[in-house]
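# Topology and contacts: notes
In case you want the letters, here they are:
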Amino acid sequence: MTAIRTRWHHSILARAGLILLGVLLLFGAVTVAINLHYNRARAEQATELRLSQLLDTVESTASIACFTRDDVLAGELIAGLLRNSEVLSVVVEADGVPLADSSRQATDAAAAVTPDSRVLVRDIYSPFSPQTPVGRVLLTPNQALIDQELRQETRILMLQMAMQLLLVALAFAAATLLLIIRPIKAISDRLHGMDATRGERLQVPAGHRGSEIGLLVADVNRLADRLVRTLEDERALRIQREIDEQRYHAIFENADTGLFQIDHQGLLSSWNPAFARLMGLSSETRPERELALLDLDWHDPQPLAELLSDCRNTGGNPRRDSGAQDTPRTQSAELRHTHPDGVERWLSVVLTPITDRSVQGVLHDVTHHLEAEQSARRLAVTDRITGMANQLGLEQRLRALIQASDPEAEPPRPERAIALVLISLDNFKRLSSGLDPAIGDALLTETARRLSSGIEGANLIARVGENQFALLMADPAPALEIERMLEQVFADAQQPVFIAGAPLTLTLSGGIAFHTGTVANPVATLFQHADLALASAQAGPGGPICFFDPDLARLAQERHQLETDLRHAIRDGQFVPFFQPLVDLQRGALVGAEVLIRWQHPQRGLVPPNAFIPLAEETGLINDMGRWILESAGRQLAAWQHAGRDLYLSVNVSAHQIPKGLTPDALHELAQRLGFAPASLALEITESILISDVDGAQAWLDAVRARGFRVFLDDFGTGYSSLSYLKRFTVDRLKIDQGFIRDLATNAGDRALVEAVTAIADSFGMQVVAEGVEDAEHVRRLRAMGCHYGQGYFFSPPVPLDAFSEVGRRIPELMQPFLDAAPGSNPEPAS
Amino acid sequence: MERRTGAHLLLAIVLAIGVGAARAAEPVLVVMDPASGLDRLTREQVINIFLGRFRRLPNAQAAVPIDRSRDEALMTDFYRLLVDKSPAEIRAYWARLVFSGKTEPPQKAHDLDDMIERLANTPGAVAYIRPDELSERLRVVLGLGLGLGPEPGR
C-alpha cells in the first residue's frame, strides 16, 4: 500500500506557511502604516525644526530688511532661503505689506501650494527694539520633498521588514519541516506498512523522545497494544462461541427430549429430531411450511395458549431496569396430545421466554410417569392384600363426604348423615401368629369378600388395620337396621374358613359412630368415637355390636385425665404410704403393717386406690408406683430396724409388675441400699398372677424367696386358683379375703372355709392372715380357729405413718381381753 | 535762552548724579542746522533716520544722517544711547544694507567743523554732538543719555 500523499495545499507546512505569511503581511502592513503615519509626523516636525532653524539664521537679516523695508535685501534673503530644498515659497512682509516673495519652481503637482500646507510664520522685530514687530516672514515648506523622502524611507522600511519576515518565514518553515513534518511523515509511512498484530510498533523519531510527537507515538503504540489485545479476546470469544454453538447443536440434535423455539407469532422457528418424533412431524416439514405450536393435535390447546401468553407476559424484556421482577418465568404444564399414529400421550411442555420475544420450549413424554403417579396414588389408598381401600383412602373419602355435606360451606350443602362402622377380627392376631403368613392373607381376603358381599348400602369398605375393617355409610339406614345387617354379616363372616384343609373361625366385634355436625376435627372425632364404641363392644357384656355412647367419650376423656394426673402424681410425689397394722392374733402383738398407697390429688383430695390402680396397671405406671412404694417401705423398715423394732411390712405387687417391672435383683439392690433385712419385707401377690403367666411367675417367686423376701398370697379364695397351685407355688402366708371373714359369726359355711384354709395352710407350713377383722367376735373366732394373724378395721384402718405409731401402741391393750380369756375358748357354740 | 540755561543746569545736576553709576554712555545731543525748521525729533525718528529705515523728516524733507566717524567714543555713545548697539554691530548692520543698495549709511563727518558745515549745507542733515560741543550754529533736536525719559534698551 503506497503512502498517502497529501495535496500540497492541505499540508501542514503550506497551511502554516500561508497562515504565517498572512499574519506577517498583516503585521507588516500595520507596522508600515503606523510607521508611515508617525514618520510623516516626525518628518514634518523635523522639517519644521530645520526650517525654523533656517529662519533663525536669516532672522537678523530679515529684521533689517523689514526695518528698512529693503525689498532687495528681502529678496536676497528669500533667494537664500529658497536654496534650501525643503523650502517651497517665502514671503517677507514689512508692516503687513508684502516686501518680497518667491517660490520654488513647481516640478510636479505635489509641489503646488496646497491650501493645507503648513506655513511657517516668523514675526520679525526691529533690530533696535526687540519688542517692536516690523514684519513677518512666511515660509511654506516643500511638502513634496517631505513626501518623497517619506516614501523613500517607507520603501526602505518595507524592504527591511520584508527581508526580516522572509527570514523568519524561512526559519519557521525549516523548523516545522524538521521538527514536525518530517517526523510525522515518517510516522505516517510506518503506520501504513505496520501490522500491529504481528507485534510491529511505531518507533519514536530521533530527538522526540520527550516531545509531543514522541508521546503521540507512545500513545499510538499503546492503542495498538490494546486493539491487538481486544482482537485476540474477541477471537477467543468467537472460538468459544463456536464451540458452545457446536455443543448446543449436538445436544439439540441428539437430545432425547424435544427442544423447540417459537417466535413472537407462535410459529415454530426450529425444532430438534426428538421433537419431530414426539409430535409426529415428518422430516419434510423442515422449514418450508410454517407451523404454529398450537396447531399440533393437542387434545385441548386452550391451556397451552394460556401458558404461552403467561410466558410472554412475564419476561424477556431486557431493557427494563428493575431486575428481579422481570426475570423470565418458566411456565410448564402437562397436556394430552394425539400422535399421528393414533396413540394418545401426555406430554410435559416447559416454556421459557428468551430475550428477543421468542419462546424456548422443552417437551417430553410423561405418559408413563403420569400413569405411574396415578398408580402410586391409587396404591397409596389401597390395601395390598384385600384390594380394598386402606386407612388413607377411607379418610380421603370420609373427608370428601363431610365437605360435601357441610351446611356452612359456600354454597351451603344439604346436611347428610354419615356413619362409620369399625369391625374388628378379635382373634385374628392370635390365629395367624402361628400360621404361615400366606394363610393369614388368605383368611383376610376371604373375610373381606364375605363382608363386601354381605354389606348393603355402604359407600366404602376399607381395611384400616391388621385386623380391622371399616364401613363408611352415607345416608345410612336407621340404627336398628344397621345392627341387624351387621349381625347377619357377622354371622356369615364367623363361619369357618377352610384354608389348607384347616378350618379357621373368626370372632368379630363392631363399633358404630355417627358424624355430628360441627366439630373441630370431624374425621378424627368420628374415628375416635367408632373406636370407643368398638372397645366397648369388645370389652363390654352386651353383644358384639355397640353404638357409640357419648358417655364412652366422657369416660375415655376421664381416663385420659386420670392417666395424666397419675403421671404428675408420680413425678410430683403426690403419693402417701398408709399403714394398716397386722396383728398376731395369738400373741396379741403388732407384728407389722400392710403398706397401702394413697394418692393426695391436689384437686380431688385423697383418691382411693381402686380408682387409679387399674389404670396404673393398664398403662404400666404401676411399675413406677410400685418402686416408689417399695422405696418408702424399705426406708421405713430400715428406720425401724435401726430403732430396734422388729416389724415387717408387706407391699402389694401387681401382676403387671411381674416379672419385668420388679425384678428380684432390684429388690435385692433395694434392701442393700436402704439397709433393711429382706425377711422384713413381704410382697403380696394375687392368685391371678399365678394363673396368667405360670412359668414366669414361678421363676420370679422362687427367685424372690431365694433372696430372702417373703411372699404372701392375697385375696385367697376369690380367684380361679386351684388348690394344686398351693403345691406348685411356695408362699409364706395366705391372706384370706375379707369376704369370708365378714360373716364369720353368722355363716357356718364361712367358718368352715376359714378353718379349712387355716388347716391346709398349716399343713403346707404357711401362715394365714385374716383380712377384714371388724369386731371382737371375729377376733375370738379366729383365735379359736388357730388363725395366726389379723388385719382390719377392728385394729385400725390404714393410717399415715404418724398415726401408725399411736395405733400400734394401742394394739396390746386392745388384744389384752382376748389373751385374758382362755385360749381357744369359744363363747358361742359352733353352728 | 533761558530755557537752555535751565537745561544746562539740569544737565549738570544729572551728570553729577550720573557720575556715580557704572560707566554709562555720556550724553549725546542730536543736532540739526537751526535753519532746518525743526526743533524737535523723536527718538524713533532719529532711529529711523540714522538706521535707514525712514529717511524723512516730519516736514517731509529727506533726512540726511551724519556720523562723526573719527570720534569713536562719540559714535559709540550715540549708538549705544540710541539703539544700544556697538559700532561693530552698526557696521555689520550697514554691511548688509549696503549690499542691497537701497539705503546708504550716514554720511561721515571728519570732525565737528565738518559736521557743522555739512549741517549748514545739506538740507535735512542730522548729526550728533557732545553737549560741550554745542553752539548757536546747532540746534538740538533730541537729547540722549540725559536721564530724561526712558533709556534705550529698556
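Structural data are supplied above this passage.
Here is a short report on the structure shown in this document. (Residues numbered from 1 in each chain as written. Chains lettered and ligands numbered in written order. Predicted model: local features only at pLDDT ≥ 70, side-chain atom pairs only at ≥ 80, totals over all residues. Heavy atoms only, no water.)

## Quick word on the overall build of chain B
From N to C terminus, chain B includes 5 helices and 5 strands. Along chain B, helices (α) and strands (β) appear in the sequence α-β-α-β-α-α-β-α-β-β when read from the amino end. A total of 154 residues make up chain B; the buried ones form 43% of that total. Of the contacts formed within chain B by residues at least 6 apart in sequence, a portion of 73% connects residues at least 24 apart. Roughly 8300 Å² of accessible area belongs to chain B as shown, and the carbon and sulfur atoms make up 55% of that amount. (Helix = DSSP H or I, 4+ residues; strand = E, 2+ residues; numbered from the N terminus. Buried < 20%, exposed > 50% of the residue type's maximum accessible area, 1.4 Å probe, protein only. Contact = heavy atoms within 4.5 Å. Areas by Shrake-Rupley, 256 points an atom, 1.4 Å probe, with all protein chains shown as cover.)

## Focus on the packing of helix 3 (residues 72-83) of chain B against helix 4 (residues 87-100) of chain B
All names here are of chain B. Taken N-terminus to C-terminus, the directions of helix 3 and helix 4 make an angle of 75°; their axes are 9 Å apart at the nearest point. Put simply, helix 3 runs roughly perpendicular to helix 4. In this structure, helix 3 uses Glu72, Thr76, Tyr79 and Val83 to contact helix 4, whose residues at the interface are Pro87, Ile90 and Arg91. Residue composition of the contact of helix 3 with helix 4, by class: 4 nonpolar, 1 polar and 2 charged. (Axes fitted to C-alpha atoms, helices over the stretch in contact; angles between N-to-C directions. Parallel < 35°, antiparallel > 145°, perpendicular 65-115°, else oblique. Nonpolar A, V, L, I, M, F, W, Y, C, P; charged D, E, K, R; others polar.)

## A closer look at the nonpolar core
Grouped together as the largest cluster of nonpolar side chains are 78 residues, with contacts concentrated most on Phe612 and Ile685 of chain A. Looking at which element gives the most residues to this core, the answer is helix 15 (residues 621-643) of chain A, with 9 residues. Setting aside residues up to four positions removed in sequence, Ile685 of chain A forms contacts with Val653, Ile658, Leu690, Trp700, Leu701, Val711, Phe712, Leu713 and Asp714 of chain A. Formed by 56 residues, the second largest nonpolar core is a distinct cluster that contains Ile78 of chain A together with Leu38, Val46 and Tyr128 of chain B. (Core = buried A, V, L, I, M, F, W, Y, C linked by side-chain atoms within 4.5 Å.)

## With respect to the interface of chain A and chain B
Of the residues lining the interface, 16 residues belong to chain A; the matching set on chain B comes to 15 residues. Our count for the contact surface shared by chain A and chain B stands at 1 salt bridge. Between the two partners, chain A and chain B, sit 5 residue pairs in polar contact (both at pLDDT 80 or more). Those elements that provide at least two residues to the side of chain A that touches chain B are helix 1 (12-67) and helix 2 (71-82) of chain A. With 5 residues, the top contributor of residues to the side of chain A that touches chain B is helix 1 of chain A. Of the residues contributing to the side of chain A that touches chain B, the split by class is 8 nonpolar, 3 polar and 5 charged. (Salt bridge = Lys/Arg side-chain N within 4 Å of Asp/Glu carboxyl O. Polar contact = N/O pair within 3.5 Å; in protein donor to acceptor, adjacent residues only side chain to side chain.)

## Some thoughts on the pattern of salt bridges
Residues and elements named next belong to chain A. In the structure shown here, the tally under the stated rule is 43 salt bridges over all chains. One salt bridge connects Arg69 with Asp95, and the closest N-O pair in it is separated by 2.7 Å. Linking Arg69 in the loop between helix 1 and helix 2 with Asp95 in the loop between strand 1 (87-94) and strand 2 (97-103), this pair joins segments that are 26 residues apart in sequence. Looking at Arg69, the relative accessible area reads 32%, which means it is partly exposed. When its relative accessible area of 38% is taken as the criterion, Asp95 is described as partly exposed. A single salt-bridge network, built from bridges that share partners, covers Glu594, Glu684, Lys735 and Glu771.

Keep in mind these values describe shape, not function.
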